[in-house]
Amino acid sequence: MAAFHTRDKPWQTLYKIMIGSIVPRPIAFVASRSAAGHVNLAPFSYFNGVSYNPPTVAFSVIDRGEEMKDTSRNISEHPEFIVHIVSAPIGEQMNVTCGDYGADIDEFVEAGLTALPGVVVDVPRVAEALVAFECRLAHFLRIGDSAPRASHILGEVVYWHIDDGLLDEAARNPIDAAVLEAVGRMGGIDYARTTDRFSMVRPLIAPEDPRSIPSRKAASAAVPVPLKVPRARQ
Ligand SMILES: Cc1cc2nc3c(=O)[nH]c(=O)nc-3n(C[C@H](O)[C@H](O)[C@H](O)COP(=O)(O)O)c2cc1C
């Protein structure tokens, strides 16, 4: 097994090892706007949902050498953005937007995607995306001491767009993964589809079980906790 200290490898090697190991990664397709009004759209796979009360998403933008990319600079100027989920049908358009375009170039136009106005944020939304989260900037963290540094951006989701064909609020999993067809990023220029899925029922540790969480045991002594039985999607 290869084993080494961080200090013994250049960041370029560590980056490739990291993105090849942490797979598949969801892709935030992020629309933002500069103070001057230029619209920007770009993909970021250092991305996830990180809290749900309030609902919060996070992604990281690595600087281009000494300079921030358009997305991080825009959000530092105009603290709103829209995160879209990349479904297979818009995968190629997403890939077009990752080119090194100048700040005044609108990637909606380059990729042939339709821009609709945001409802509560002053940033356009990708009409073709099945899921879009309108976000207000919650935290903007700078990471690192030397180039390329990174901006870790956390946004509170304040407005949601979910395609009708996807959503069944009564279902245990209200988003139909087969309709969403989300694409994940692997290492290099590789991607993964979400068509090969499987389920695992979680272990149920009854409150009276001695291995259970102490606060559950105490609560169950007062009020009986109903067992949760996983419900199949309708
Ligand atoms: C699928 C995919 C995922 C990417 N993930 C990231 C990422 O997490 N962080 C990052 O800094 N760049 C990432 N990139 C590269 C940026 O999209 C690229 O640098 C883009 O030009 C940035 O655009 P901007 O300058 O308009 O913000 C990714 C590219 C692709 C295609």
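Each chain has its residues counted from 1, running along the sequence as written. Side-chain atom pairs in this predicted model are given and counted only at pLDDT of 80 or more, local residue features only at pLDDT of at least 70, and totals for whole chains, interfaces and linings cover all residues. Hydrogen atoms and water are omitted, and side-chain values are computed over all heavy atoms in the structure.

> When you look at the site of the ligand in this model, what are you seeing that I'm missing?
Only heavy atoms are used to decide nearness, and a residue is near a molecule or strand if one of them lies within 4 Å of it. Surrounding the ligand, one finds 21 residues, the nearest of these being N40, P43, I62, K69 and T71. At 2.7 Å from an oxygen atom of the ligand is found a main-chain nitrogen or oxygen belonging to I62. A distance of 3.0 Å is found between an oxygen atom of the ligand and a backbone nitrogen or oxygen belonging to D70. When the free accessible area of the ligand is taken as 640 Å², the share hidden by the protein chains comes to 92%. Runs of E in the DSSP output that reach at least two residues are strands. Runs of H or I that reach at least four are helices, and both are numbered from the N terminus. Contributions of two or more residues to the shell around the ligand are made by strand 3 (39–44), strand 5 (55–62) and helix 2 (70–77). In terms of residue count, the dominant contributor to the shell around the ligand is strand 3 (four residues). Of the residues belonging to the shell around the ligand, the class tally is ten nonpolar, five polar and six charged. Side-chain atoms alone can form a polar contact between residues adjacent in sequence; in general such a contact is a pair of N or O atoms within 3.5 Å, and within protein one must be able to donate a hydrogen while the other accepts it. Shrake-Rupley sampling with a 1.4 Å probe provides the accessible areas, and residues are treated as covered by the protein chains on show and by no other component. Three categories are distinguished: nonpolar for Ala, Val, Leu, Ile, Met, Phe, Trp, Tyr, Cys and Pro, charged for Asp, Glu, Lys and Arg, and polar for the others, with Gly belonging to the last.

> Help me out: how do you make sense of the sheet that holds strand 1 (residues 25–26) in this one?
Strands in a sheet are paired, the pairing made by backbone hydrogen bonds, and the direction either parallel or antiparallel. Spatially, 1-11-12 is the arrangement adopted by the three strands of the open sheet, whose pairing is antiparallel. Of all strands in the sheet, those bounded by a partner on one side alone are strand 1 and strand 12 (191–193). Two strands pair when backbone bridges link them, and strand 11 (residues 183–185) and strand 12 are joined in this way by three bridges, in the antiparallel orientation. Residue pairing for strand 12: R185 is matched across the bridge by Y191. At least two DSSP bridges between two strands are required for those strands to pair.

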